[in-house]
Amino acid sequence: MLEMPSFKILLHCENGSPPYLTPILWAKFFPSSNRLVQNHLVFGVAVGDSFVAPEYGSRSSIKKRGRLQPKNKIEVVTNKPIGYTFVGKSVREKLHIPADYNVIASPSFDLIDDFGSANSKAKASTSNTEVTLLTPHGQQKLSPSLFRQVVKEMQVPACVGLYDQPASNNSKRTRKSLERTKLWTEMATADFGSKIWAPVIGGDDLSVRLRCIKNALAVDDIGGFALVGIQHIDNRARRQELLKRCMKEIPRDLPCGVLVSLDILQIIDAAASGVLYIGTALPTTLARSNKALNID
């Protein structure tokens, strides 16, 4: 029997962030002294739902109080929210993740999923200056500069870079996605505060993914690689071949992660190919049907 390589589970938390737990509950359910927690568990925090807040202060209104004469009227200037935007906040202080736990941040675990079943009317909207993510407050625009600011304030050791993701095999759309992802990755590595993992896009098109890897290797100070959208490849043989070829091109001294795995087979295929970080929400999915996940 072949021994499965060691890997880390990148655990997706509901709505992009872990639920609030007291220090006692963290110690009870995820004791940091436990070998499995130390060596094999990483919390994935999405720069999305948890990092959107109303913006105040840029627009003012005047309220009148009382029934005084005009010359004696009282005017109170109040700040009104002008909409929602991404606001950075420390994952340790605001999300209450203890300092001795491993954390990786990502702009979204999968843009195709975000613009699919969650809202049938939502349409992906990207340009050279921004990408749209879905949040409880509607579609929110996230620019590379805003993403950089938010991640710096999150104070996380590693973050997947901002990326564009084609939802089809349209060659023009794919080329644009490659150009944008390359540009945003280059921008992200400059004084970012976190090690940036280069996103590897391309669907089931191996040539596109290899070009994406090549582009990222030309960028200085890359902290690792994140294979985006692997879970959408239904053909297992094709998925295994793509993982194998991509891992062959990624230097051994740089960590690599698969952001999303939907089932046990996808987890096993990623681990067998040498992927170190394997993202999944499978424990939560199984728990809803009174099942548990047990991997030897």
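Sequence order sets the numbering: in each chain, residues are counted from 1 along the sequence as written. Selection of residues for local features in this predicted model requires a pLDDT of at least 70, selection of side-chain atom pairs for listing and counting requires 80 or more, and totals for whole chains, interfaces and linings are taken over all residues. Hydrogens and water molecules were not included; the side-chain quantities draw on all heavy atoms of the structure.

A.B. asks: I would appreciate a short explanation of the sheet that holds strand β10 (residues 158-160) in the present structure.
C.D. replies: Two orientations exist for strands paired in a sheet by backbone hydrogen bonds: parallel and antiparallel. At least two bridges found by DSSP between two strands are what make those strands a pair. For helices the rule is a DSSP run of H or I covering at least 4 residues; for strands it is a run of E covering at least 2, with both sets numbered from the N terminus onward. If you walk around this closed barrel you meet the 8 strands as β1-β2-β7-β10-β11-β12-β13-β14, and the pairing is parallel. Taken pair by pair, the neighbouring strands of this sheet meet at an average axis angle of 30°, ignoring direction. Pairing analysis gives 2 bridges linking strand β7 (residues 102-106) to β10, with the strands arranged parallel. Its bridge partner lying in β10, Ala105 is registered against Cys159. Geometry is summarised by axes, namely lines fitted to C-alpha atoms with helices restricted to the contacting stretch, and by angles between N-to-C directions that run from 0 to 180 degrees.

A.B. asks: I keep staring at the nonpolar core and nothing clicks. Help me out?
C.D. replies: A general trend in soluble globular proteins is that nonpolar side chains are found buried together. Membership of the largest hydrophobic core comes to 78 residues, with the highest contact counts inside it found for Met154, Phe225 and Leu227. Only heavy atoms enter the contact rule, under which two residues are in contact if any of them lie within 4.5 Å. Beyond its immediate sequence surroundings of up to four residues, Phe225 is in contact with Trp197, Ala198, Val200, Ile213, Ala216, Leu217, Ile250, Pro251, Leu254, Pro255, Cys256 and Gly257. Residues enter a nonpolar core if they are buried and are Ala, Val, Leu, Ile, Met, Phe, Trp, Tyr or Cys, with the set joined through side-chain atoms within 4.5 Å. Throughout, exposure labels follow a simple rule: accessible area from a 1.4 Å probe, protein chains only, divided by the maximum for the residue type, with under 20% read as buried, over 50% as exposed, and the rest as partly exposed.

A.B. asks: What is the right way to read helix α4 (residues 144-154) from this model?
C.D. replies: One turn of an α-helix holds 3.6 residues; hence residues three or four places apart share an orientation. Turning to α4, its buried residues number three or more, namely Pro144, Leu146, Phe147, Val150, Val151 and Met154. Across the axial projection of α4, the buried residues extend over an arc of 155°, all falling on one side. Lining the buried residues of α4 we find β2 (41-46), β6 (84-86), β7, β9 (138-142), β10 and α5 (171-188). Following α4 by one or two positions, Gln155 adopts a phi angle in the positive range, close to 60°. Relevant arc is that of directions from the helix axis to the C-beta atoms, nothing else.

These results come straight from atomic positions and should not be treated as a statement about function.
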